Amino acid sequence: MTDNNLQDLESRSLYIIREAYSRINPIGMLWSIGKDSTAMLWLVKKAFFGQVPFPLILLDTGEEMDEVYAFRDWLQKEWDLPVINHICPTLEEMDQTLPPNTRAAMRKTEGLKTLLAEHKYKGVICGIRRDEQGLRAKERVFSPRSLDGAWDFKDQPAEFWDQYKTEVPDDCHMRIHPILHWTELDIWRYTKQENIPLCDLYFAKDGMRYRSLGEKSITKPVPSDADTLDKIITELETTNTSERAGRTMDKETEDSFEKLRSQGYM
Amino acid sequence: MTKTQNKKHQKSHMGIVIVGHVDHGKSSLIGRLLYDTGSLPAGKKEELEAICEKRGQNFEWSFLLDAFQAERDQAITIDTTQIFFSTTARNYVIIDAPGHREFLKNMISGAAQADAGILVVDATEGVREQTRRHAYMLHLLGLQQIAVVINKMDKVNYDAKVFEAVKAETIEYLKSIGLNTSYIVPISAREGDMLSSRGDNMPWYEGKSLCDVFDAFAYKSAPTDLPLRFPVQDVYRFDEERVLVGRIETGTLHKGDTIFFSPTNEKATITAIKNWPSDESLMKASAGQSIGITLDDRIFVERGHVGSSVKNPPMLSNIFKANIFWLSNKPLKVGNSYTIRYGTIESKVTVQSIDTLIDTQDLKTDNNAQSVERNCVAEITLRARDSLPIDPHSTNPQLGRVVLYEGYDVAGGGLISMEGYPDQRSSAKPKSENIYKVTHSVTPNMRAERFGHYGAVFWFTGLSGSGKSTLAVAVEKQIFENNLNAYVLDGDNVRYGLNSDLGFSPEDRAENIRRIGEVAALQANSGVVVLSAFISPYQADREKARAALPNAFHEIYIKADLATCEGRDPKGLYKKARGGDIKQFTGIDSPYEAPDNPDLIVDTQLNDIETCVAQIVDYIKANVIMDKKQNASDGRIVSIK
């Protein structure tokens, strides 16, 4: 018997993914290879009965962990995935006034801009969740951006009754967030129920595991003995530590994440 | 009291929206609730206290949610925030709806997702402008479960009399708009009274605490017991298999069921309910599920068509009423065109009338309004170009609500009412019940493949002398030469034969057009491109003609004003009418209703005949030549672009 809650979440996500594919063209999906975007990739396969009808894009800074690259190469082959590895601009090209770790994260933002310029995507599917971070809680499912990625959070479109703003002017693109309504725990329970493959780094080794996968320089493991999906789920059911506790950029200044987001970060 | 394991398999997070007047303490209430229920990450409160100290501010619970710099500066919540928390009984997602008047659209975005609503009223201020407006919106959004909290009881010394007075005032307004509330709770968000714990300050209050009220709410249940509505979202093609995908909005469908599609009136049998990884044993799917189905027959189906049972389809209409709220800066006006969407259906509509403008403050109504300003509420009549599958909100809460778009943007929303409008499908039923339609074994697609084009009706309407017959004959010749099977139905030739028993009274004119509409539809069904050239002065009659062939009827307005037509007077009829020799002549002593939403306007006053003919020929070709519809019916190939 499948979990009713997961079935509801899944149905809603399938609806959003199919809506995006129906209404927006050309479209691509950001696949960071982490647990969220990999669960989302599974949902895409469900929506299109095993197919992946648009490219999966890794915004590559060359700074991901080795295990992440290895997992990508393996799954790309295993599932015959249409992957685009998009190289981000260098650290030296970033705004030097930003704190160092935020600057590193900014490379992805700039990478997304060059990606959009190159491939002319009108829509980018993105695996963020509302419960991750206060700012992401403010997001819409279909969230319009200006071409340079800027997000006008003060004047977001109304969004209700599952009718979305699906058209954007020429100088804009749309971010689509099919798993916005999922929680971290939902993702893990779904990963277990559907037996979705996952990068090993999430499982504890020598008393440490990664709860969230970012780049080498800005992501740290957290103490944990959870070396199976069941143990991870149990751990999350009782923890009070935030998911992004291992991400250093969010904490540098109280406003750094906000600054990143308003300039186009995921 | 953190997330507990016994909630693992429960349905989902219950959505709670919190609304109320600005500064009545919505965000503070939420901040406090999170803290009291142990739902905050470790160190979060301390982090915020440190920030407040750094800024030289007193700590406020509302800062928890106000993650934006801008919000901290303005001390109001700008946008809907979703916050997850748990009581011992279940999980919740709180939607913090802002109270500022400017941000109604965000409040609606939040409230539309909720299972239940909490209306916050300040004990020191009582019911205010946005208290009324938000309560009315909750009502209009169809929210059934509402609780009221009277906040800031600490500021009135926890006085039971103040509570009773504000309570009475609130109930009075809610009753006037038809909202019932089971719970009215006195609280202090600042001090934490009557939220998670009851506190010691209000021993006189015997009702439920706020958390107990939450736990008493019921989930919005998926409407599985309503008639089936399956709006097609997309059509995918995999090799030889065509899969219709979409979400079941209401009801249930089974493998083997006959499914009936509106507005095409096509039906087929469901051969499989598809999913991935493939599960052959899937026999049934219900409201809320996103699914794919395959059919036994290759009928024409595309996005926006609505699947139902044969016995219980939606109504078909091109006109309906809606009780709307308006969000755009540009006022809604009579005659304006908008795009509506509901389910996966999309259509252009024109505002035919603004029937009642409603003031949410005092509920006064205005029946002579010409426009609906931002943040206002009104009952309006909308007219669509096409016949649409329609369910009133009273019988189908999922599909009986529309969102209005102005250009790229959502401009408003509202609930559909069909009060006073007949179902155009039922009104088109034959009088005698002993008539059975012949089931053709030759389908429209087969005919189209033979002829290279589909049959259709191109209905020319316009004043006498506007050029209908001249253009129809010229167009017929040209498209016939292009290998289209074309035929002109002209007013004069039909009057001598089929309709020789009819005169020119409004009733006879209506019957005249009804018969011609049916004849045109029969011809079109046999694969002919029919060009009909009749004055057809009444909009209602032309709509009946359209209803005879809803998907292949094209109204072409041949436009020229009365003076021009009278100047041309090719048959000398205007002269006779002016002289009183002809009675009830259209334009002189009988009205002509120009089309509101013609499919094509051909201006014979501005353009010469050649230009007009070319315009019509291009339009006809674009609409009947085989390729276009064939592809839509076959679905899209899911592939890498």
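Given the structure is predicted, the values throughout are model-derived calculations rather than measurements.

## Brief notes about the overall build of chain B
Logical step 1: Looking only at helices and strands, chain B has 17 helices and 29 strands in total.
Logical step 2: As displayed, chain B has an accessible area near 27,800 Å², and 49% of this comes from carbon and sulfur atoms.

## With respect to the overall build of chain A
Logical step 1: Per the secondary structure count, chain A includes 7 helices and 8 strands.
Logical step 2: For chain A, the accessible surface area stands at approximately 9,500 Å², while carbon and sulfur atoms represent 48% of it.

## As for the environment of B:Q523
Logical step 1: Tracing the chain through its elements places B:Q523 in helix α12 (residues 506-525).
Logical step 2: Between the C-alpha atom of B:Q523 and that of B:Y487, which follows or precedes it by 36 residues, the distance is 8.9 Å.

## Looking at the pattern of salt bridges
Logical step 1: Under the defined criterion, the tally for this structure stands at 37 salt bridges over all chains.
Logical step 2: With a closest N to O distance of 3.4 Å, B:K477 and B:E481 form a salt bridge. Here B:E481 and B:K477 lie together in helix α10 (residues 468-481), a separation of 4 residues that amounts to about one turn. Neither residue differs from the other here; B:K477 and B:E481 are each classed as exposed.
Logical step 3: B:D599 is the partner of B:R546 in a salt bridge, and the nearest nitrogen-oxygen pair spans 3.3 Å. Of this pair, B:R546 sits in helix α13 (residues 539-547) while B:D599 sits in the loop between α15 (573-578) and β28 (600-603), placing them 53 residues apart in sequence.
Logical step 4: Linked by salt bridges that have partners in common, A:R12, A:D162, B:R247 and B:E249 make up one network.

## A few points about the side chain of A:R140
Logical step 1: By the secondary structure assignment, A:R140 is in the loop between β4 (123-125) and β5 (142-146).
Logical step 2: Separated by 2.5 Å, the side chain of A:R140 and the backbone oxygen of A:P157 make a polar contact.

## What to know about the packing of helix α2 (residues 35-47) of chain A against helix α3 (residues 66-79) of chain A
Residues and elements named next belong to chain A.
Logical step 1: One can describe the packing of α2 onto α3 by two numbers: an axis separation of 14 Å at closest approach and a directional angle of 10°. Here α2 is positioned roughly parallel relative to α3, judged by the angle of their axes. Facing α2, whose interface residues are T38, L41, W42 and K45, α3 presents F71, L75 and W79.
Logical step 2: Residue composition of the contact of α2 with α3, grouped by class: 5 nonpolar, 1 polar and 1 charged.

## Details of unusual backbone geometry
Logical step 1: Cis geometry is found at the peptide bond from A:N25 to A:P26, where omega equals 0°.
Logical step 2: Topologically, A:P26 is positioned in the loop between α1 (4-23) and β1 (27-30).
Logical step 3: Omega for the bond connecting B:W276 with B:P277 falls within 30 degrees of zero, at -5°, which places this linkage in the cis form.
Logical step 4: Summarising the element assignment, B:P277 is placed in the loop between β11 (266-274) and β12 (284-286).
Logical step 5: Residues other than glycine seldom take positive phi values, yet A:I33 does so here, at roughly 80°.
Logical step 6: The topology assignment puts A:I33 in the loop between β1 and α2.
Logical step 7: With phi around 55°, A:D80 is a residue other than glycine that occupies positive phi space.
Logical step 8: Relative to the elements of secondary structure, A:D80 occurs in the loop between α3 and β3 (83-87).

## Details of the packing of α1(A) against helix α5 (residues 184-194) of chain A
Residue and element names in this part refer to chain A.
Logical step 1: In contact at an axis separation of 10 Å, α1 and α5 are set at 100° when each is read in the N-to-C sense. By the angle between their axes, α1 is roughly perpendicular relative to α5. Residues N5, L6, L9 and E10 of α1 form the contact with α5, whose participating residues are D186, R189, Y190, Q193 and E194.
Logical step 2: Residue composition of the contact of α1 with α5, by class: 3 nonpolar, 2 polar and 4 charged.

## Thoughts on the pairing of strand β13 (residues 290-295) of chain B
All names here are of chain B.
Logical step 1: With 6 of 6 residues buried, β13 is to be regarded as a mostly interior element.
Logical step 2: Here β13 shows two buried faces, one formed by S290, G292 and T294 and the other by I291, I293 and L295.
Logical step 3: Where β11 and β13 come together, 4 bridges link them in antiparallel fashion. The residue bridging I270 from the neighbouring strand is L295, located in β13.

## Here's the deal with the sheet that holds strand β27 (residues 553-559) of chain B
All names here are of chain B.
Logical step 1: If you walk across this open sheet you meet the 5 strands as β25-β26-β24-β27-β28, and the pairing is parallel. Both edges of this open sheet fall to β25 (486-490) and β28, since each of them pairs with a single strand only. Strand-to-strand twist of the sheet, defined as the mean angle between neighbouring strand axes without regard to direction, takes the value 20°.
Logical step 2: Across 4 bridges, the pairing between β27 and β28 is parallel. Bridging across to β28, Y557 finds its partner in I601.
Logical step 3: Across the sheet, α13 touches β24 (456-461) and β27, and the angle it forms with β27 is around 145°.

## Digging into the pairing of strand β7 (residues 230-238) of chain B
Residue and element names in this part refer to chain B.
Logical step 1: Taking burial as the measure, the 9 residues of β7 include 8 buried ones, the bulk of the element.
Logical step 2: Inspection of the sheet shows β7 paired to strand β14 (residues 306-308) by 2 bridges, in the antiparallel sense. Looking at the pairing, F230 lines up with G307 of β14.
Logical step 3: Direction of pairing for β7 relative to strand β8 (residues 241-247): antiparallel, over a ladder of 6 bridges. Among the inter-strand pairings, D234 is bridged to a residue of β8, identified as V245.

## A word on the packing of aromatic side chains
For any two aromatic rings, the description comes down to two numbers: the centre-to-centre distance and the angle of the planes.
Residue and element names in this part refer to chain B.
Logical step 1: What the rule picks out here adds up to 28 aromatic pairs over all chains.
Logical step 2: Between F458 and Y619, the ring centres sit 6.1 Å apart and the planes meet at 90°, which makes this aromatic pair edge-to-face. With F458 in strand β24 and Y619 in helix α16 (residues 609-624), this pair connects stretches of sequence that are 161 residues apart. For the pair formed by F458 and Y619, the shared burial category is buried.
Logical step 3: Plain terms: the ring middles of Y574 and F585 are 5.0 Å apart, the flat faces sit at 80° to each other, and that makes the pair edge-to-face. With Y574 in helix α15 and F585 in the loop between α15 and β28, this pair connects stretches of sequence that are 11 residues apart.

## As for α2(A)
Residues and elements named next belong to chain A.
Logical step 1: If you check α2, its first and last C-alpha atoms are 18 Å apart, about what 13 residues at 1.5 Å a residue would give, namely 18 Å.
Logical step 2: Most of α2 is tucked away: 13 of the 13 residues are buried.
Logical step 3: Two residues or fewer past α2, F49 is found with a positive phi of approximately 55°.

## Overview of the sheet that holds β5(A)
Residues and elements named next belong to chain A.
Logical step 1: Read across the open sheet, the 6 strands follow the order β3-β2-β1-β4-β6-β5; overall the sheet is mixed. At either margin of the open sheet sits one strand with a lone partner, and together these are β3 and β5. In this sheet, neighbouring strand axes are inclined to one another by 30° on average, regardless of whether the strands run parallel or antiparallel.
Logical step 2: The sheet contact formed by β1 and β4 spans 3 bridges and is parallel. When the sheet's bridge partners are listed, I27 is paired in β4 with G123.
Logical step 3: The strands that α3 touches are β2 (56-60) and β3; relative to β2, the one it contacts most, it runs at about 160°.

## Concerning the environment of B:A369
Residue and element names in this part refer to chain B.
Logical step 1: For A369, the position within the fold is in the loop between β19 (365-366) and β20 (371-372).
Logical step 2: The buried category is assigned to A369, whose relative accessible area is 7%.
Logical step 3: Separated by 127 residues in sequence, A369 and R242 have C-alpha atoms that sit 49 Å apart.
Logical step 4: If near-sequence neighbours (up to four positions away) are discounted, A369 is found in contact with I354 and L357.

## What to know about the confidence of the model for chain B
Residue and element names in this part refer to chain B.
Logical step 1: Here chain B shows a mean pLDDT of 84. Residues at 70 or above account for 88%.
Logical step 2: Confidence, read as mean pLDDT per element, is least for helix α3 (residues 69-74) in chain B (42) and greatest for β14 (97).
Logical step 3: Under a pLDDT of 50 for its full length, residues 426-436 has, in the predicted model, 1 contact with residues more than four places off or in other chains.
Logical step 4: Counted against residues more than four places away or in other chains, residues 628-633, with its pLDDT under 50, gives 18 contacts.
Logical step 5: In the model output, the complex is listed with pTM 0.73 alongside ipTM 0.91.

## A word on the environment of B:H453
All names here are of chain B.
Logical step 1: With respect to the helices and strands, the residue H453 is situated in the loop between α9 (444-451) and β24.
Logical step 2: Separated by 75 residues in sequence, H453 and V528 place their C-alpha atoms 8.8 Å apart.
Logical step 3: Here H453 is in contact with R447, A448, N483, L484, N485, G527, V529, V624, I625 and M626, once residues within four sequence places are set aside.
Logical step 4: Among the polar contacts made by the side chain of H453, one reaches the main-chain amide nitrogen of N485 at a distance of 3.1 Å.

The rules behind the values
- Residues numbered from 1 in each chain as written.
- Chains lettered and ligands numbered in written order.
- Predicted model: local features only at pLDDT ≥ 70, side-chain atom pairs only at ≥ 80, totals over all residues.
- Heavy atoms only, no water.
- Helix = DSSP H or I, 4+ residues; strand = E, 2+ residues; numbered from the N terminus.
- Areas by Shrake-Rupley, 256 points an atom, 1.4 Å probe, with all protein chains shown as cover.
- Salt bridge = Lys/Arg side-chain N within 4 Å of Asp/Glu carboxyl O.
- Buried < 20%, exposed > 50% of the residue type's maximum accessible area, 1.4 Å probe, protein only.
- Polar contact = N/O pair within 3.5 Å; in protein donor to acceptor, adjacent residues only side chain to side chain.
- Axes fitted to C-alpha atoms, helices over the stretch in contact; angles between N-to-C directions.
- Parallel < 35°, antiparallel > 145°, perpendicular 65-115°, else oblique.
- Contact = heavy atoms within 4.5 Å.
- Nonpolar A, V, L, I, M, F, W, Y, C, P; charged D, E, K, R; others polar.
- Pairing = 2+ DSSP bridges.
- Phe/Tyr/Trp six-rings, centres within 6.5 Å; stacked < 30°, edge-to-face > 60°.
- Expected span 1.5 Å × (residues − 1).
- pLDDT = per-residue confidence, 0-100.

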